[in-house]
Amino acid sequence: MLHVSRNRRNGTQAATHHGNAYALRTGVAVAAVIFCGGNASALSSSNDKLMALQSEITAQKASLQREELELEQQALKLDQTQTLLDQQMGLLHGRGNSAGTPPPVQTVASTPAPDDATSITGPTPSQQQAKVILQTDSALSNAGGVLTPRGDIVIDPSLEYDYYSQNQLAVNGFTIIPGVTLGNIYIARVQQNIATLALTTRWGITDRLELNLKIPVVAAYGITTTQAVGPDAVALTPSANNVNIGDIQLGASYQFNRDDTGWPIFIGNLLFKTTTGVSPYTVPIFTANDPNGQYLQGIQRKLPTGTGFYALEPSLTILYPTDPGVLFANLQYVRNFGATVDLRSPGGGPSVRTDLKAGDAVAATFGFGFALNANTSMTLSYQQEHVFGASENGTPIKGSAYDFGTFNFGIGYQVNRMTSINLGVGIGAGPNAPVAKILIEVPVKFNVL
């Protein structure tokens, strides 16, 4: 562009020199006519020469204008070529746009963003790259990643499958001599299959602020295999299921800083979970009055689709784009609010009204992602969560605190400019984690501006 500007200036200066030369020649011709003493024939000849000179000047000016127009067209072509070159270099480094194809070339020069740390004029290439990568991580699908640009709405249908399996040993008796227990001893294996079909909507209010809404429908099926200890014990396999709406979630995310300062990107997230799902304290259970109730006491006849507690979940997402990948982490706190519930007695007695509070939780996720090519990206992450103990009527419930972890693997493919497909797989670490988790998302982007 610098060479083009110099050519333009040189062309303009050349035009000025040509004009000055012709003006000098015209002045000399006029002086010659005056010097001749007004001879008519000489005057007529001079007028012809003046008209010829004027015509030549006009032609030269027209030629200069044409040359200047050609220079401008050449400069525009250079701009377009430079833009295409930048895009191809970005693709070679894994920094292509979300569609995997270069956007249309702008015919006018774009205005540079103001040098203001508090203003964001749109997603930068680093943010686009991070969003394409991070949307494949299932641990960040709820916590929040790179925001939706202003004026865009993302409709994100998803299907998640969780499989739980636990072995339990229950003792209903007493001990007189150490190692000898009198009473009922039985073992149980609990298996649950939970499929959650959800529709999530994300709306970019500004380039810094995003609002989101998630509406889930839960289909759960579980089976419990239990039997007493002894040679004559008979295994019992009660099952339970339920299909109903889950806990609706409302959330917002806000980006605190730009990504061109050399610092990581910090995004604050706030999620509020309702209690629209079926509470575990309202489903029917087996009691001692049921057949074989001594072995089935407390087992659910119907599975819940919600937690039964309102929750507020603030979190902080930290991103650091590195060509051609991105490092990320998320710190989350889950605040569960207490609720007054009616606890049914496994012994078949009347319900007891109790103030319960589920334990709060803290979670940390860290991982990295990278672009395999312009359309495909992959993430690897690990999430560790600690759940504090619950309380009943203000009294802590002993043994209710627990920990679990999850290894997450995600891969995404950009179908076109509007649609992508993401697949996430989670493997539980610890007895309280889901054995396996599979998440499929198909986010579709719309622009409403």
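1. Here's the deal with the overall build of the protein chain
Right, so step 1: Each helix and strand in the protein chain was counted, giving 5 helices and 18 strands.
Right, so step 2: For the protein chain, restricting intrachain contacts to residue pairs at least 6 apart in sequence, the fraction spanning at least 24 positions comes to 65%.
Right, so step 3: As displayed, the protein chain has an accessible area near 25100 Å², and 61% of this comes from carbon and sulfur atoms.

2. Quick word on the sheet that holds strand β10 (residues 352–357)
Right, so step 1: If you trace the 4 strands from one edge of the open sheet to the other, you get β9-β10-β13-β14, paired in antiparallel fashion. Only two strands of the sheet have a single neighbouring strand rather than two, namely β9 (339–343) and β14 (395–396).
Right, so step 2: Of the strand pairs in this sheet, strand β13 (residues 391–392) and β14 are connected by 2 bridges, and their pairing is antiparallel. Paired with Glu392 across the strands is Thr395, a residue of β14.

3. With respect to the packing of aromatic side chains
Right, so step 1: If you walk through the whole model with that rule in mind, you get 7 aromatic pairs.
Right, so step 2: Ring geometry for Phe272 versus Tyr310: centroids 5.9 Å apart, planes at 15 degrees, classification stacked. Of this pair, Phe272 sits in strand β6 (residues 265–273) while Tyr310 sits in the loop between α5 (293–296) and β7 (311–322), and the two are 38 residues apart along the sequence.
Right, so step 3: When its relative accessible area of 30% is taken as the criterion, Phe272 is described as partly exposed.
Right, so step 4: In this structure Tyr310 comes out as partly exposed when scored by relative accessible area, which is 41%.
Right, so step 5: Where Phe368 meets Phe370, the ring centres are 6.1 Å apart and the plane angle is 20 degrees; that geometry is what we call stacked.
Right, so step 6: Owing to a relative accessible area of 24%, Phe370 belongs among the partly exposed residues under this scheme.
Right, so step 7: Positioned over the ring face of Phe286 is Arg301, at 4.0 Å from the centre of the ring.

4. Looking at the side chain of Thr274
Right, so step 1: With respect to the element layout, Thr274 can be found in the loop between β6 and α5.
Right, so step 2: Within polar-contact distance, the side chain of Thr274 engages the backbone oxygen of Ile248 at 2.9 Å.
Right, so step 3: Here Thr276 takes part through its side chain, which lies 3.5 Å from a polar atom of the side chain of Thr274.
Right, so step 4: In this structure Thr274 touches Asp247, Ile248, Phe309 and Tyr310, once residues within four positions along its chain are discounted.

5. Re the pattern of salt bridges
Right, so step 1: All chains considered together, the criterion is met by 5 salt bridges.
Right, so step 2: Note that Asp247 is salt-bridged to Lys273, the shortest N-O span being 3.1 Å. Linking Asp247 in the loop between β4 (239–245) and β5 (249–255) with Lys273 in strand β6, this pair joins segments that are 26 residues apart in sequence. The residues Asp247 and Lys273 share a single accessibility class, namely buried.
Right, so step 3: For Asp360, the salt bridge goes to Arg335, with nearest N and O atoms at 3.0 Å. Here the residue Asp360 occupies a position in the loop between β10 and β11 (361–371), and Arg335 occupies one in strand β8 (residues 325–336), the gap between them amounting to 25 residues.
Right, so step 4: A residue is classified by how much of its surface remains accessible, and Asp360, at 8% relative accessible area, is buried.

What counts as what
- Residues numbered from 1 in each chain as written.
- Predicted model: local features only at pLDDT ≥ 70, side-chain atom pairs only at ≥ 80, totals over all residues.
- Heavy atoms only, no water.
- Helix = DSSP H or I, 4+ residues; strand = E, 2+ residues; numbered from the N terminus.
- Contact = heavy atoms within 4.5 Å.
- Areas by Shrake-Rupley, 256 points an atom, 1.4 Å probe, with all protein chains shown as cover.
- Pairing = 2+ DSSP bridges.
- Phe/Tyr/Trp six-rings, centres within 6.5 Å; stacked < 30°, edge-to-face > 60°.
- Buried < 20%, exposed > 50% of the residue type's maximum accessible area, 1.4 Å probe, protein only.
- Lys NZ or Arg CZ within 6 Å of the ring centre and 35° of its normal.
- Polar contact = N/O pair within 3.5 Å; in protein donor to acceptor, adjacent residues only side chain to side chain.
- Salt bridge = Lys/Arg side-chain N within 4 Å of Asp/Glu carboxyl O.

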